[in-house]
Amino acid sequence: MKRNLLTAFCCLLPLGYWISAQSGISAELKTEYIPSSNYIRPEDSLKTDSKSDFKRAPLNLSIPLSVKKDSAGRIKAWSMLLSGSYAKMSHKNYETPLFPDQMLNAQVGLQHIRPLGKKWSMMMMASVGLYTDLERISSDDILGQGGVLFIRHFNPNLALGGGPVLTTAFGPPMVLPWIYFDWKTNGKVKFKLNFPEGAEAGYEFSDALTLKAVVNLSGMVVERNKDGKSTMFGYQQITAGLRPEIKITDKLSLGVTGGSTLVRSFSESERKIKSIFKDKKMADPKFASTFYVAVSLRWNLP
């Protein structure tokens, strides 16, 4: 059940990245590379001679449509969200094809953030997107989702939220729970925990350079036709490493991450609501740990 829920959550826009309202256009462009590593067969956990790599380029863009501030400086905003992620995989020594060669997730959405009193805020989001392996694009590849998060701000550095998320990843619209948690510290030594995206700990050497140790969870999902049935094919990865972040200007920063993959796996489920609650008899196919590298460029315009 947990793996099926994770597949559904991979369809959602990166909520943690958009949770803070921006007064100007903000964007992040990232490239990731994982070299070929051995495929681990699920039926007996045997490391085989089959290998697959992973290359991905995600882009997230937030365009404010309306931004207002109240007397306390809290933001009420409407924004358009654009998100796209293209992945390419190369496979070697497989007797039969098991995994897609390409994956594309592209979404467009609308977000609204507003304060609810002094300690609470609300975020509403709705989006529609294309989730495909690019082999055959049809209406089944189009998924919609939307949700409402109620967020309690205990202080400027601690927030906890929750709410319902509606998704069509499993065919009929279904409501799933969503939990958001964000905690960070100030000063030279920085800690940040953001669920469900990851955690980081860093030291600020100067205004222009910060070195961080990071752990991140991410994934993709595509609709595939198998034996005449529509199925959801999810990719999940957990990576860990070191990331120096360089502040090039007040509005532009560069991050370079080097580390390893802790988890890299695929999961597959029918597009039926009952498949969410169905326990799998066999482990998901996965790959051996290997090197991971990523380069990200983030900018915020006034």
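Structure's up top.
Residues numbered from 1 in each chain as written. Predicted model: local features only at pLDDT ≥ 70, side-chain atom pairs only at ≥ 80, totals over all residues. Heavy atoms only, no water.

Trainee: Please provide a residue-by-residue account of the pattern of salt bridges, values included.
Mentor: Counted according to the given criterion, the structure contains 13 salt bridges. Where aspartate 182 meets lysine 184, a salt bridge forms, and the shortest distance between an N and an O atom there is 3.4 Å. Residue classification places lysine 184 among the partly exposed residues on the basis of a relative accessible area of 30%. With its nearest N and O atoms 3.6 Å apart, the salt bridge here joins glutamate 204 to lysine 190. With glutamate 204 in strand 11 (residues 198-204) and lysine 190 in strand 10 (residues 189-195), this pair connects stretches of sequence that are 14 residues apart. When its relative accessible area of 23% is taken as the criterion, lysine 190 is described as partly exposed. Several salt bridges share partner residues, and in doing so they unite Glu200, Lys212, Arg243 and Glu245 into one network. (Salt bridge = Lys/Arg side-chain N within 4 Å of Asp/Glu carboxyl O. Buried < 20%, exposed > 50% of the residue type's maximum accessible area, 1.4 Å probe, protein only. Helix = DSSP H or I, 4+ residues; strand = E, 2+ residues; numbered from the N terminus.)

Trainee: Tell me about unusual backbone geometry, and name the residues and values.
Mentor: Phi angles above zero are rare outside glycine, and serine 45 is one such case at about 55 degrees. Looking at the secondary structure, you find serine 45 in the loop between strand 1 (26-41) and strand 2 (46-69). Here the phi dihedral of asparagine 93 falls at roughly 65 degrees; this positive angle occurs in a residue that is not glycine. By relative accessible area, asparagine 93 is classed as exposed at 59%.

Trainee: So what's going on with the packing of aromatic side chains? Which residues, and what values?
Mentor: Using the criterion set out here, one finds twelve aromatic pairs in the structure. When the centroid spacing of 5.2 Å and the interplanar angle of 55 degrees are considered together, the rings of tyrosine 235 and phenylalanine 266 count as tilted. Residue tyrosine 235 is located in strand 13 (residues 229-247), and its partner phenylalanine 266 is located in strand 14 (residues 252-270); the two are separated by 31 residues in the primary sequence. Given the relative accessible area of 0%, phenylalanine 266 is considered buried. Note on phenylalanine 266 and phenylalanine 287: the rings are 6.2 Å apart at their centroids and 70 degrees apart in plane angle, and the pair reads as edge-to-face. Taken together, the residues span a long stretch of sequence, with phenylalanine 266 in strand 14 and phenylalanine 287 in strand 15 (residues 286-287) at a distance of 21 residues. Neither phenylalanine 266 nor phenylalanine 287 differs from the other in exposure class; each is buried. (Phe/Tyr/Trp six-rings, centres within 6.5 Å; stacked < 30°, edge-to-face > 60°.)

Trainee: Go over the pairing of strand 11, please, and point to the residues and values.
Mentor: Pairing analysis gives six bridges linking strand 10 to strand 11, with the strands arranged antiparallel. Considered in strand 11, the bridge of asparagine 194 is made with glycine 198. As consecutive antiparallel partners, strand 10 and strand 11 are separated by two residues. Pairing of strand 11 with strand 12 (residues 209-226), which is carried by seven bridges, proceeds in the antiparallel orientation. When the sheet's bridge partners are listed, tyrosine 203 is paired in strand 12 with leucine 211. The turn joining strand 11 and strand 12, which pair antiparallel and follow one another in sequence, is formed by four residues. (Pairing = 2+ DSSP bridges.)

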